[in-house]
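Spelled out, the chains give:
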Amino acid sequence: MLFQLELLQKPDVSFDYKNLDKMVEDPYPVPLWRRILCCQSEAVTLKKNIEKAEEKIKEFEKVAPRTIRVFVTFNTEEAQRSALRALTIPLKDHYMNNLSALPKELLFREKHLLKVVEPTEPSTIRWHNLDETMAKKVKQRILSYSFTFILLIGAGVVITYARRRSAMWGAFAVSGFNSIAPQVVKYVTKWFESHISEGQLEASLYFKLTLVRWMTTAVITTLIAPFTNTLSNGSEYLIQSVYAIFVSELIRSPLMQLSDYWGNYVRHYFGPRAPDQFRMNLNFQGGYFSLANQYTELTKVLFFTLYFSTLFPGGFFFGAFTLLVQYYTDKFSLLRSWGDPPKFGSQVSIVTRNYLFTATLVVYAVIMAYQISGFPYDDTCDTGEIVETNYDQYHGTHTATTGSDEQVSVTIRRSDNVFQFCDQDMLRYRQPSAFPPIPSFQPDGKEWMTSGQEDALNIIGWTCVAVLAYGTVIYVNRILISFLKKLFCHSYKPSGEVGGNTFTHVLEEAGIGAYVPQVKKGGFNYPLLACDTSKIDTELLGWQDPDGSYDEHNLIFDFPELEADNFSTIKHWPALE
């Protein structure tokens, strides 16, 4: 808030956070569009919020400091692994506070069990979220996922309405929603969820974005299309919708990303009009890079291609070309357009590899079986009779009305076969349900499959059962069995061989920092330190400001009324040669 208030000051005003009354006398006004779109407050409102925050800080002084987490950096990987082997115990012992799980000399102060785990990299830690309780985190997840489902319902309504106009309008609605949804979901996830690392935050965002994009792109598109319109040729039918979405996704995402319309607008309009160099530099920081958004752009294309591959095999060519275009688009944006990406860790790739790829395979196998069972998608069955046998009264030329209220002329000959209605949509069978979708589920007297179709479906139907069983085993092993192992067994297993480099060597050569409490905030070129760094080697921070002192970025000097114990503590014991 102080930073926002400083940005509202005119160039001839020297910002003084101790004299806020003067700072709100003649600031720049906040335009209405910034108040609405950016939620930016006026100077007077910021002053009131700062005063409320100062009151909370004064109350915070009265609270006894407590330790939330302790991060330890070892000089050698072997020392780290030895500590994890010795101190990692089953979760049940933590829950029950079973002091006998460890020798007395390994207990903290000889009477406390510590939960020891291998953390993510220092640069990924979200230090300001470490003190959130489990109850609060559960509440946050319920709220964010509830909002996501409401967003999905809204998307379904909009896409359905657009699809009724035409397939192209439906494709535009899907692509438009795929552009808007990441911003909305990102805002909800970032501001309503607490995560201990940037990787966990991106993984949560990734899961919700994947759910939204898979549903809007493939599932809703299928549900809103009448079954008999699946293979029909025309702008109102499913195949045309699939084609239109492929074309739209091939053009929409790369074009919007390469244009960087907001970044260019900020750099070319706000940049030259900034009142000073500092505020001008803020307009040239580059766009925000979201790993979750880029991953879902790729997995969405893969999922959509496989989902409709049986009905639209040409989608493999569209999908391959779209992924190729996205690869070069992302490469250009990463090197030329986006700002420095934060350090995320491997959580997003783990979620993709362990869960979403398996889900894609299972959905592909099941949907392929149901789609093959629906051919020829006309809901008619040959009765084996001809018109002149029992239906001679229908012989002649008749006028019929189509579903779109068009009058058509129909001529029925005596030698024509007689057809009857039969429901070919096995996916919607309820009593009994049809799984797996095999020929034996066809109603008696209303069989529509050819002999070749039945032979293929007997193989594919039972294959989808095997794939579903395989996916279930994978999920049970990775979720339930993995949890039970952590609950009852010593779960630490080192990955790979022990590296030969020491932390001291890596610190000097690569500039990788240690676990130093710091907070990254938008608008600041460097992190804000939240601990006393005067007694440690500044190389441990992992970054340096060539134009200023580290004290300029340290929060402890912004709150002189707080004791040092109210901030995080960091200790450094240099390795002996």
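Being a predicted model, the structure only gives us computed values, none of them experimental.

(A) Up close: the overall build of the protein. For the protein, the helix and strand inventory stands at 18 helices and six strands. Its C-alpha atoms give the protein a radius of gyration of 31 Å, more than 25% over the compact-globule value 25 Å for 577 residues. Counting every position in the protein, which comprises 577 residues, the buried fraction comes to 38%. Expressed as a percentage of contacts within the protein between residues at least 6 apart in sequence, the contacts between residues at least 24 apart total 71%. Within the structure as shown, the protein displays about 34300 Å² of accessible surface, and the carbon and sulfur contribution to it stands at 58%. Distance between charge centres in the protein, computed from 54 positive and 61 negative side chains, equals 4 Å.

(B) Highlighting the state of the cysteines. What the rule picks out here adds up to one disulfide. Disulfide pairing places Cys381 opposite Cys422 at an S-S distance of 1.8 Å. Where Cys381 bonds to Cys422 through sulfur, the torsion about that S-S bond is close to 95°, and the disulfide is right-handed. Here the residue Cys381 occupies a position in strand 1 (residues 380-386), and Cys422 occupies one in the loop between strand 4 (417-421) and helix 17 (451-488), the gap between them amounting to 41 residues. This pair shows no difference in class: Cys381 is buried, exactly as Cys422 is.

(C) View of the environment of Pro254. If you trace the backbone, Pro254 turns up in helix 10 (residues 238-259). In this structure Pro254 comes out as buried when scored by relative accessible area, which is 6%. Sequence separation between Pro254 and Leu211 is 43 residues; the distance between their C-alpha atoms is 21 Å. In this structure, Pro254 is in contact with Glu249, Val325 and Thr329, ignoring residues within four places of it in sequence.

(D) The arrangement of empty space enclosed by the protein in detail. Here the structure, examined in full by the defined rule, presents four cavities of 30 Å³ or more. Estimated volume of the largest cavity: approximately 240 Å³. Looking at the largest cavity, it is lined by 20 residues, and the ones nearest its centre are Thr222, Phe227, Tyr377, Asp425 and Leu427. A per-element tally of the lining of the largest cavity places helix 15 (residues 347-373) first, with four residues. Across the lining of the largest cavity, the residue classes break down as 12 nonpolar, six polar and two charged.

(E) Molecular detail of the environment of Trp543. Its place among the elements puts Trp543 in the segment after strand 6 (528-529). Each C-alpha atom of the pair Trp543 and Gly513 lies 7.6 Å from the other, and the pair is 30 residues apart in sequence. Sequence-distant contacts of Trp543, defined by excluding residues within four places in its chain, comprise Gln518, Tyr526, Pro527, Leu529, Tyr550 and His553. Side chain to side chain, Trp543 and Gln518 meet in a polar contact 2.9 Å long.

(F) Region of the structure containing the packing of aromatic side chains. A complete count under the given rule lists 25 aromatic pairs for this structure. Taken together, a centroid distance of 5.3 Å and an interplanar angle of 85° make the contact between Tyr265 and Phe270 edge-to-face. For Phe270, a relative accessible area of 17% gives the class buried. Their ring planes at 65° and their centres at 5.0 Å tell us that Tyr307 and Phe308 sit as a pair that is edge-to-face. Three or more aromatic residues joined by ring pairs form one cluster here, namely Trp214, Tyr243, Phe246, Phe303, Phe304, Tyr307, Phe308, Phe312 and Phe318. Just above the ring of Tyr28 sits the side chain of Lys10; from NZ or CZ to the centre is 6.0 Å. Here Lys208 stacks its cationic end above the ring of Tyr145, 4.6 Å away from the centre of that ring.

(G) Quick look at the pattern of salt bridges. Using the criterion set out here, one finds 17 salt bridges in the structure. A salt bridge links Asp26 to Lys10; the nearest nitrogen and oxygen atoms lie 3.1 Å apart. Note that Asp26 is positioned in the loop between helix 2 (20-23) and helix 3 (32-37) and Lys10 in the loop between helix 1 (2-7) and helix 2, a separation of 16 residues in sequence. Linking Lys208 and Glu193 is a salt bridge whose minimum nitrogen-to-oxygen distance equals 2.8 Å. On the criterion of sequence distance, the pair formed by Lys208 in helix 9 (residues 198-223) and Glu193 in the loop between helix 8 (167-192) and helix 9 is long-range, its members being 15 residues apart. You can call Glu193 buried: its relative accessible area is 3%. One connected set of salt bridges, linked through shared partners, spans Arg213, Glu249, Arg252, Glu297 and Lys300.

(H) Structural context of helix 17. Here helix 17 spans 54 Å end to end across 38 residues, near enough to the 56 Å set by a 1.5 Å rise per residue. Where helix 17 bends most, the angle comes to about 35°, and this point is Asn477. Along helix 17, the residues classified as buried are Gln453, Leu457, Ile460, Gly461, Cys464, Val467, Gly471, Ile474 and Leu487.

(I) Representation of a nonpolar patch on the surface in the model. Together, Leu32, Trp33, Ile36, Leu37, Met256, Tyr261, Trp262, Tyr265 and Tyr269 make up an exposed nonpolar region whose accessible area comes to about 970 Å². Here Tyr261 lies in helix 11 (residues 261-270). Taking the relative accessible area as the measure of exposure, Tyr261 reaches 55% and is therefore exposed.

(J) Summary view of the packing of helix 15 against helix 17. Contact geometry of helix 15 with helix 17 gives a least axis separation of 9 Å together with a crossing angle of 160°. By the angle class used here, helix 15 and helix 17 are roughly antiparallel. When the axes of helix 15 and helix 17 are compared, the crossing they make is left-handed. Among the residues making up the contact of helix 15 with helix 17, the classes are represented as 18 nonpolar, six polar and two charged.

(K) Layout of the side chain of Glu202. Within the secondary structure, Glu202 sits in helix 9. With no salt bridge to any partner, buried Glu202 finds its closest opposite charge in Arg126, at an N-O distance of 7.7 Å. Apart from the residues within four sequence positions on either side, Glu202 is in contact with Tyr288, Ser290, Leu291, Ala292, Phe344 and Val348.

(L) Looking closely at the nonpolar core. Val242, Phe304, Tyr307 and Phe308 are the most contacted members of the largest nonpolar core, which totals 45 residues. In terms of residue count, helix 9 provides more of this core than any other element does, nine residues in total. With 17 residues, the next largest nonpolar core counts Ala369, Cys381, Ala434 and Leu457 among its residues.

What counts as what
- Residues numbered from 1 in each chain as written.
- Predicted model: local features only at pLDDT ≥ 70, side-chain atom pairs only at ≥ 80, totals over all residues.
- Heavy atoms only, no water.
- Helix = DSSP H or I, 4+ residues; strand = E, 2+ residues; numbered from the N terminus.
- Rg over C-alpha atoms; globule rule 2.2 N^0.38 Å.
- Buried < 20%, exposed > 50% of the residue type's maximum accessible area, 1.4 Å probe, protein only.
- Contact = heavy atoms within 4.5 Å.
- Areas by Shrake-Rupley, 256 points an atom, 1.4 Å probe, with all protein chains shown as cover.
- Lys, Arg positive; Asp, Glu negative; His and termini not counted.
- Charge placed at Lys NZ, Arg CZ, Asp CG, Glu CD.
- Disulfide = S-S within 2.5 Å.
- 1 Å grid on protein atoms, 1.4 Å probe; cavity = no way out; pocket = protein on both sides within 12 Å on 5 of 7 lines; lining within 4 Å.
- Points joined across faces, edges and corners; volume = space filled by probe spheres on them.
- Nonpolar A, V, L, I, M, F, W, Y, C, P; charged D, E, K, R; others polar.
- Polar contact = N/O pair within 3.5 Å; in protein donor to acceptor, adjacent residues only side chain to side chain.
- Phe/Tyr/Trp six-rings, centres within 6.5 Å; stacked < 30°, edge-to-face > 60°.
- Lys NZ or Arg CZ within 6 Å of the ring centre and 35° of its normal.
- Salt bridge = Lys/Arg side-chain N within 4 Å of Asp/Glu carboxyl O.
- Expected span 1.5 Å × (residues − 1).
- Bend = angle between axes of the 7 residues up to and from the residue.
- Patch = residues over 30% accessible without salt bridge, like charges linked within 9 Å, V, L, I, M, F, W, Y side chains within 5 Å.
- Axes fitted to C-alpha atoms, helices over the stretch in contact; angles between N-to-C directions.
- Parallel < 35°, antiparallel > 145°, perpendicular 65-115°, else oblique.
- Left-handed = near helix turned anticlockwise from the far one by under 90°.
- Core = buried A, V, L, I, M, F, W, Y, C linked by side-chain atoms within 4.5 Å.

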